[in-house]
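Architecture at a glance
Okay, here's what each chain looks like letter by letter:
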Amino acid sequence: MAEWNDGSTAPLALITDRDGSDPAAQLARAAELLDEVKRGLRGPTLRLYRPRPTMAFGQRDTRLPGFEVARAAALSRGFAPVVRKAGGRAAAYHEGTLIVDHIEPAREAMVGHRHRFEVFGELYAGALRTLGLDARVGEIAGEYCPGEYSVHGVPGERSTAVAPVKLVGTAQRVVAGAWLFSSVFVVSDAGPVRGVLTDVYRALALPFDPTTAGAADDLVPGLTVDDVEAALLAMYRERGALA
């Protein structure tokens, strides 16, 4: 029985997506997979992909007066603006990040909704700690797309960061019969992410401290997306969760 889905014993089918589709298509693919799992056409699924530069707005962001200005700011920095159905505020990602879509069938999908945030926060922080990161669960003041169960990293002796930085943002979408838990791991090249978030949050008039936007390689120089992907897959395999 998996920690994230009481009663589930079916292994996850792994999809490692390298097709480089445009951001809207990548977001749509997650929704398609969720629908397939919900209808029983597909079993539990773990999808990993490395996105093109994307500014993923939350539904609430679109109702703010500065949304069109924020959208234009994202485009001007080369980040494609999309609107996601999962919760949260604006989040930016690019080729130096890894997206993890974990999708499971569930008869009562809302049951355990909050618990899944706790479980995945701890599991993902643990996977990052195997790479030498001092990764912890919890919101840091001024972070983008704030969340109680975000994963942040604390600077150490080798770090170029001077303050804790957000490393993983999580969001969840629940439908009748299934759930999608989507996570963004920021691994390298934090500069463009920090820059576009600064412009977007200013336009949306939302609080944001740019020093909280960093990457794993700010804390452990030399870390790559390949390293993080391998650590995550190892964590899932240790739990017997992969097909």
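Residues numbered from 1 in each chain as written. Predicted model: local features only at pLDDT ≥ 70, side-chain atom pairs only at ≥ 80, totals over all residues. Heavy atoms only, no water.

1. Details of the packing of aromatic side chains
Inclusion rule: Stacked, edge-to-face and tilted are the three classes for Phe, Tyr and Trp ring pairs, Trp counted by its six-membered ring, which pair at centre distances within 6.5 Å; planes under 30 degrees apart are stacked, over 60 edge-to-face, the rest tilted. Numbering of helices and strands runs from the N terminus, with a helix taken as a DSSP run of H or I at least four residues long and a strand as a DSSP run of E at least two residues long. The buried label goes to any residue with under 20% of its type's maximum accessible area, the exposed label to any with over 50%, and the partly exposed label to all in between, with areas taken from a 1.4 Å probe on protein chains only. In our convention, an over-ring charge means Lys NZ or Arg CZ found within 6 Å of a ring centre and within 35 degrees of that ring's normal.
With the rule as written, the count across this model stands at eight aromatic pairs. Taking the centre distance of 5.0 Å and the plane angle of 80 degrees together, the rings of F57 and F67 count as edge-to-face. One end of the pair, F57, is in strand β3 (residues 54–57); the other, F67, is in helix α2 (residues 67–76), with 10 residues separating them in the sequence. In this structure, F57 and F67 share a single accessibility class: buried. Relative to F208, the ring of Y201 has its centre 5.2 Å away and its plane inclined at 35 degrees; by these criteria the two rings are tilted. Comparing Y201 with F208 shows no difference in burial state: the two are buried. Members of the aromatic cluster, each reached through a chain of ring pairs, are F117, F120, Y124, W179, F181 and F185. Taking the ring centre of Y144 as reference, the NZ or CZ of K166 above it sits at 4.8 Å.

2. Observations regarding the nonpolar core
Put simply, the rule reads: Residues belong to one nonpolar core when they are buried, are Ala, Val, Leu, Ile, Met, Phe, Trp, Tyr or Cys, and are joined through side-chain atoms within 4.5 Å. Residues are treated as being in contact if the distance between any of their heavy atoms lies within 4.5 Å.
By size, the foremost hydrophobic cluster in this structure holds 40 residues, and its most contacted members are W4, L128, F185 and Y236. Of all elements in the fold, only β2 (45–49), β6 (97–105), α3 (113–129), β9 (165–175), β10 (178–186), α5 (216–219) and α6 (225–238) reach the threshold of two or more residues within this core. No other element matches the eight residues that α3 contributes to this core. Each residue touching L128, except ones within four places of it in the same chain, is listed here: L133, A135, V151, L167, V168, F185 and V228. Membership of the second largest hydrophobic core comes to 30 residues, among which are V82, C145, L197 and F208.

3. Focus: the sheet that holds β6
In plain terms, the rule: Only when DSSP finds a minimum of two bridges between them are two strands counted as paired. The angle between two axes is taken between their N-to-C directions and runs from 0 to 180 degrees, where each axis is a line fitted to C-alpha atoms and a helix contributes only its stretch in contact.
Here we have seven strands laid out as an open sheet, ordered β1-β2-β6-β10-β9-β8-β7, and mixed in their pairing. The two strands at the open ends of the sheet, each matched to only one other strand, are β1 (13–17) and β7 (135–137). With direction set aside, neighbouring strand axes in the sheet form an average angle of 15 degrees. The pairing of β2 with β6 spans five bridges and is classified as antiparallel. Residue pairing in the sheet places L48 in a bridge with V100 of β6. Sitting on the sheet, helix α1 (residues 23–38) is in contact with β1, β2, β6, β9 and β10, with an inclination near 20 degrees to β6. Against the sheet, α6 engages β1, β2, β6 and β10, with an angle of about 25 degrees to β6.

4. Some remarks on the sheet that holds β3
As summarised here, the arrangement of the three strands in space is β4-β3-β5, forming an open sheet in which the pairing is mixed. Among the strands making up the open sheet, the edge pair consists of β4 (80–83) and β5 (91–93). Taken pair by pair, the neighbouring strands of this sheet meet at an average axis angle of 25 degrees, ignoring direction. As defined by bridge partners, β3 adjoins β5 across three bridges and the pair is classed as antiparallel. Within β5, the position partnered with T54 by the bridge is Y93. In the packing of α2 onto the sheet, contacts are made with β3 and β4, and the angle to β3 comes to roughly 160 degrees.

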